[in-house]
Amino acid sequence: MLQSDTVNTRLLKSLVPASVIPEDSVVSSVSLLCVSKCSGSTQLLFLRWLITMFDFIDHKEQLHALYGFFFSFLQDEKMCPYVCHLLYLLTRKESVKPFRIRKLLDLQAKMGMQSHLQALLSLYKLFCPELVTIALPGKMKTYFKNSEGPWKAAINAVRRRNQQNSPVLQPLVLGTAQPQSRKRKWNTQVIIPASSTNRNNLEEDREKKRVTLYSMDESFPVEQLQTFSQLLQNIHCLEFPSQMGSVLTNPLLLHYMNCIKDESIYLRLYYWMGQTLQEECTWCVVDNSQYEEEFKDFLETVYKAECFLQEGFSSCEEFLYKSLPLWDGFCCRPQVLRLVSWIPLSSFSEMKSQLYDPLVQLFFTSSLYFKCSVLESLKELLQNWLNWHVIHLDSESDSQAQSLNTTLSGLVNMVAELIHFVGWISTVALRLENNPTFLLYFILDFYETVCDMYLRYNLPLLIMPPAGVFYPALLSMDSVSLNQLCYIMYRYRTNLVAAKENELSKKKILQFKFSSQTYQEYNQYIVAMVGCLWTSSAFQKDTHPQGLRMDDELLKKTAVQEFKSSFNIVYHPAMMGYALLFLQQACPDDTTFNFGLIKGKRWNWYLEYLYAQGLKGLKVFIESSINRVSQASHNTAENVQV
């Protein structure tokens, strides 16, 4: 730094580490900032370099000791954003002092509400809420400017070269040595780095930093955390890494996040993840298209962390809302749809404009496989919401419930809107794709969750599938779809009967009641199913506005001789294969395949034959609904009422 500014600038832009950066060299470089040996522009470039290379520095203790030195540079308006960024990375609870808070508030009064000042104040407030009493705006999508521009391409080139030609630093992860990926910045961050100094002196450090269970003065370095017992012994004094990405692949740190609801950790992870997703997105940033495979791996890592924590990251939600309108539905498809399944509860207007509307545009214009993938993702989203409800049902004071500000009525409304949305796109998709069995399976799979929400998830809500889903399933050519529908209708009946019994016995379950429309729709559907499968009267007794009811004169024009029995369990297109195989066994001498022979005792034998073929849904439906009808000479309308 004793050379001219031009040389200094070229030197800084050429400083790209091959592995790690010794902390001593960084401290020596920092010391030159205060001896007037370099210009302001060079100091600014050095700060950007330090932020970019922060995760490559092997130790951070001496840098933490220089916290006050860096803080003094906040006076410079040009350097202030980058100094705040560096302080954000270095801040610990002991770094928060009243005089520093006053200084930040003075700067805020002078400069206005700047994102970098807000970030540092937010972190201070999380560590010491009693010291930062002012109200701060909500989370922002971007706190700091990107600092790695001059070095990004060079870092990637060096990492690729080192990965191919030389061994890389072996980090310490859960007690096992694994090669560290040097492909991209976030790939280096998802592994806790352990320098050679750390490894050589690991046992010595353990002895020096051994603390008693109730001591709060010492911190336990995360580099030494290798076993679950160590986590339990040091959970009160664990020092999280500066590189928050390392948390995503460390089960012990994820356990810590689950046990200790430390908002400072979530805030730092929110900033880091939001920044990384925004900068590395392969369909939002043109230059990133060559790194699609690496971005897929990163999204997969984030998704696995969400599954481990059983909650979605708010930064992922914001990333999806911002990037879905630009998404082509092809790039990183499995990873993106998996992240969609962990979007937390929010208002319907926000979900509609930022999630449902972009998905609809892709859904209706994409392939059958994409439609099925979206339906699977929305089913998992519904299950995650319902699981969240079950977990927090008896813990109204839970901090997560308070932060989401989600009431039971709000949850019911959000779930209802999601179900109606899926019902609508499913109806349209079946028409567009001509009722394929593959698509129908995913639609009915979604409704297998919906039909059991009252009993299984204790949510006072049941919504029947739309007619555009029910009737294609009832008239399907495939026995799997018909069997699925029978099971779904059986579970609807079980849930509705339980709700009616609770209502009649004046048991207040969550103080909600089902509307009469739900019972009416169920009864209309059940009459149609019984009329088709059992009594051969669907064309006469189906009362649904979009149902099968038709005049006999119109049916006679079809030239079908036995049109009334066209959809019973013998003649139904999905069941004729079973009927044919049954006749071959029951009447081996009959070569005419006369389905009319299946009556009387053979009818009962045929039912047992169907049950033996694995049609469990058909079995429970007949036993719960149709047998009761047969006792009254197939009088469906009166006996099927719930």
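These numbers were taken from a predicted model, which means no experiment stands behind them.

Scoring rules and cut-offs
- Residues numbered from 1 in each chain as written.
- Predicted model: local features only at pLDDT ≥ 70, side-chain atom pairs only at ≥ 80, totals over all residues.
- Heavy atoms only, no water.
- Salt bridge = Lys/Arg side-chain N within 4 Å of Asp/Glu carboxyl O.
- Helix = DSSP H or I, 4+ residues; strand = E, 2+ residues; numbered from the N terminus.
- Buried < 20%, exposed > 50% of the residue type's maximum accessible area, 1.4 Å probe, protein only.
- Axes fitted to C-alpha atoms, helices over the stretch in contact; angles between N-to-C directions.
- Parallel < 35°, antiparallel > 145°, perpendicular 65-115°, else oblique.
- Left-handed = near helix turned anticlockwise from the far one by under 90°.
- Contact = heavy atoms within 4.5 Å.
- Core = buried A, V, L, I, M, F, W, Y, C linked by side-chain atoms within 4.5 Å.
- Phe/Tyr/Trp six-rings, centres within 6.5 Å; stacked < 30°, edge-to-face > 60°.
- Lys NZ or Arg CZ within 6 Å of the ring centre and 35° of its normal.

Visitor: Pulling in residues and values, what's your account of the pattern of salt bridges?
Guide: Taken as a whole and assessed by the stated rule, the structure comprises 11 salt bridges. Of the charged contacts in the structure, one is a salt bridge between Glu 292 and Lys 296, with a shortest N-O distance of 3.8 Å. Placement of the pair is Glu 292 and Lys 296 together in helix 16 (residues 292-309), with a separation of four residues, close to one helical turn. Given a relative accessible area of 23%, Glu 292 falls into the partly exposed group. Glu 293 serves as the salt-bridge partner of Lys 296, at 3.5 Å between the closest nitrogen and oxygen. In this pair, Lys 296 and Glu 293 both sit in helix 16, three residues apart, roughly one turn of the helix. Owing to a relative accessible area of 21%, Lys 296 belongs among the partly exposed residues under this scheme. A network of salt bridges, in which partner residues are shared, links Glu 61, Arg 92 and Glu 94.

Visitor: Summarise the packing of helix 25 (residues 467-474) against helix 27 (residues 516-535); cite the residues concerned and give the values.
Guide: Between helix 25 and helix 27, the least distance of the axes is 11 Å, while the angle of their chain directions is 15°. When the axis of helix 25 is compared with that of helix 27, the two are roughly parallel. The crossing of helix 25 and helix 27 is right-handed. The segment helix 25 lies against helix 27, with Ala 467, Phe 470, Tyr 471 and Leu 474 engaging Tyr 525, Ala 528, Met 529 and Cys 532.

Visitor: Talk me through the nonpolar core; I want residue IDs and the actual numbers.
Guide: By size, the foremost hydrophobic cluster in this structure holds 191 residues, and its most contacted members are Met 489, Tyr 492, Tyr 606 and Phe 621. When residues of this core are assigned to their parent elements, the largest contribution, 12 residues, is made by helix 22 (residues 408-433).

Visitor: Explain helix 17 (residues 314-323) to me, and be specific about the residues and the numbers.
Guide: Most of helix 17 is tucked away, with seven of its 10 residues classed as buried. Inspection of helix 17 places Ser 315, Cys 316, Glu 317, Phe 319, Leu 320, Tyr 321 and Ser 323 among the buried residues, and these make up the whole buried set. Packing partners of the buried residues in helix 17 comprise helix 15 (263-280), helix 16, helix 18 (333-340) and helix 19 (348-365).

Visitor: Describe the environment of Phe 46, and please don't skip the residues or the numbers.
Guide: Positionally, Phe 46 belongs in helix 3 (residues 40-52). Taking relative accessible area as the criterion, Phe 46 reaches 2% and is therefore assigned buried. In the structure, Phe 46 is positioned 37 residues away from Thr 9 in sequence and 8.7 Å away in space, judged by C-alpha atoms.

Visitor: Can you explain the packing of aromatic side chains? Please cite residues and give values.
Guide: Ring pairs (aromatic) are described by centroid distance and by the angle formed between their planes. The tally for this structure, following the rule as stated, stands at 24 aromatic pairs. Every member of this aromatic cluster is reached through a ring pair, and the members are Trp 283, Phe 295, Phe 319, Trp 327 and Phe 370. Over the face of the ring belonging to Tyr 611 we find Lys 619, whose NZ or CZ atom lies 5.7 Å from the ring centre.

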